Amino acid sequence: MSHVEDELNSQPECWTRAAAQATEHGVALPRPGERVAVVGCGTSYFMAQSVAALREQAGQGETDAFAASEYPHGRTYDRVVALTRSGTTTEVLDLLARLKGRTRTTALTADPHTPVMTAADDVVVLDYADERSVVQTRFATTALTLLRAHLGLHTEDVVTDARTALRAELPQGLVDCAQFTFLGRGWTVGLAHEAALKTREASQSWAESYPAMEYRHGPISVTTGGTATWMFGAAPEGLAQQVWETGALWVGEDSGAAGAAGRALDPLADLVRAQRLAVAVAAARGLDPDRPRHLTRSVILAP
């Protein structure tokens, strides 16, 4: 079993542990009413997008998400939350250094022996969710689970759904598709972006991602037989039928694995299925998902 397979299979246990620790880390995490920016790079940026949407939907306060390199220094925030598995990513460390003494910062990381421990004002260490694989799975989803629990949006059904996602068969013919499109709405747009990134990283597949309502504004034109469109959460009315009419494979709540009490899987658990897809496509193509082309575990830029 590859490292990434082992790590993605451990997510239910990691999520349970993170949810239980949410109260313990409450002082380091955003308080209701604070104006917050959540930043990261790559996978962490996409998790930041989901966190920002969830926090605003929960009425906790204005929340933005940025790639760390694109942070708007002309804006004022009460707190900046940085997601960084490695704790060594150059863009994140540079941003935290620039904000030092001006804006309160919190970092969520997996490694307590890295520069981020002193770069941020507050640090939450999720070392049990650290990974050997270059391709992120459990750290990203565990960090998101911690923040969902902090917002009061996590339930045990999510963990149950994750276990279902690990057992369920992938839709027939999905692994054989040549191109994948992932869609989301609200907080699941970040999940869609992350699913596409996992598919590109692990299997070198052509994968795209969009807000679901944007899909009909052009991207659907490349949808055809031999492609797949995967929706996280409830789909816009009529979209599934439109995809079927192109000849493509549709993966959505009406065609996915059943979660607790026979309902659709929680979207975060559905991301686990997308992670499994990425690994399965890699295996079908004779690729090693632990060694993605041109990638390293952390991007560290020389001065």
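Note: the structure precedes this text.
Definitions and cut-offs
- Residues numbered from 1 in each chain as written.
- Predicted model: local features only at pLDDT ≥ 70, side-chain atom pairs only at ≥ 80, totals over all residues.
- Heavy atoms only, no water.
- Axes fitted to C-alpha atoms, helices over the stretch in contact; angles between N-to-C directions.
- Helix = DSSP H or I, 4+ residues; strand = E, 2+ residues; numbered from the N terminus.
- Parallel < 35°, antiparallel > 145°, perpendicular 65-115°, else oblique.
- Contact = heavy atoms within 4.5 Å.
- Nonpolar A, V, L, I, M, F, W, Y, C, P; charged D, E, K, R; others polar.
- Pairing = 2+ DSSP bridges.
- Phe/Tyr/Trp six-rings, centres within 6.5 Å; stacked < 30°, edge-to-face > 60°.
- Buried < 20%, exposed > 50% of the residue type's maximum accessible area, 1.4 Å probe, protein only.
- Expected span 1.5 Å × (residues − 1).
- Core = buried A, V, L, I, M, F, W, Y, C linked by side-chain atoms within 4.5 Å.

Enquirer: How would you summarise the packing of helix α6 (residues 138-150) against helix α10 (residues 267-284) if you had to cite specific residues and measurements?
Expert: Orientation of α6 relative to α10, taken along the N-to-C sense of each, is 175 degrees, at an axis distance of 11 Å. The orientation of α6 with respect to α10, classified from their angle, is roughly antiparallel. Packed against α6, whose contacting residues are T141, L144, T145 and R148, the element α10 presents L268, L271 and Q275 at the interface. Residues of the contact of α6 with α10, tallied by class, amount to three nonpolar, three polar and one charged.

Enquirer: Now, about the sheet that holds strand β1 (residues 36-40): what can you tell me, with residues and values included?
Expert: Across the sheet, five strands lie side by side as β2-β1-β3-β4-β5; this open sheet has parallel pairing. Of all strands in the sheet, those with a lone pairing partner are β2 (63-67) and β5 (122-125), marking the two edges. Neighbouring strand axes in the sheet, compared pairwise and without regard to direction, differ in orientation by 20 degrees on average. In this structure, strand β4 (residues 104-109) lies alongside β5, joined through four bridges in parallel fashion.

Enquirer: Describe the packing of aromatic side chains, listing the residues and the values that go with them.
Expert: Applying the stated criterion across every chain, the model contains seven aromatic pairs. Judged by centre distance (5.7 Å) and plane angle (35 degrees), the ring pair of Y45 and F46 falls under tilted. On the basis of relative accessibility, which here comes to 23%, the residue Y45 falls in the partly exposed class. Residue F46 is classed as buried on the basis of its relative accessible area, which comes to 14%.

Enquirer: An account of the environment of V251 is requested, with residue identities and associated values reported.
Expert: Topologically, V251 is positioned in strand β9 (residues 249-251). C-alpha separation for the pair V251 and A228, spaced 23 residues apart in sequence, amounts to 7.3 Å. If sequence neighbours within four positions are ignored, V251 has contacts with P171, L174, T229, W230, M231 and R273.

Enquirer: Now, about helix α8 (residues 188-203): what can you tell me, with residues and values included?
Expert: Along its 16 residues, α8 runs 22 Å from first to last C-alpha, staying within 8% of the 22 Å computed at 1.5 Å per residue. For α8, the buried fraction is high: 15 of the 16 residues fall into the buried class. Positive backbone phi, approximately 55 degrees, marks Q204, located one or two places after α8.

Enquirer: I'd love a proper account of helix α3 (residues 43-57), names of residues and values included.
Expert: For α3, with 15 residues, the first-to-last C-alpha span of 22 Å sits near the 21 Å given by 1.5 Å per residue. Taken together, the buried positions of α3 are occupied by T43, S44, F46, M47, A48, S50, V51, A52, L54 and R55. Buried residues along α3 sit against β1, β2, β3 (79-84), α6, α8 and α10. Of the residues one or two after α3, G59 is the one with positive phi, at around 70 degrees.

Enquirer: Give me the nonpolar core: which residues, what numbers.
Expert: Of all hydrophobic cores here, the largest spans 64 residues; its most connected members are L108, F180, F182 and F232. Of the residues forming this core, the biggest block, eight residues, is contributed by α10. With near-sequence residues (within four places) excluded, F180 lies in contact with L174, T199, S205, W206, A207, E208, A228, L277 and V281. The next biggest cluster of nonpolar side chains, apart from the first, holds 17 residues, and it includes A68, V80, L99 and V116.

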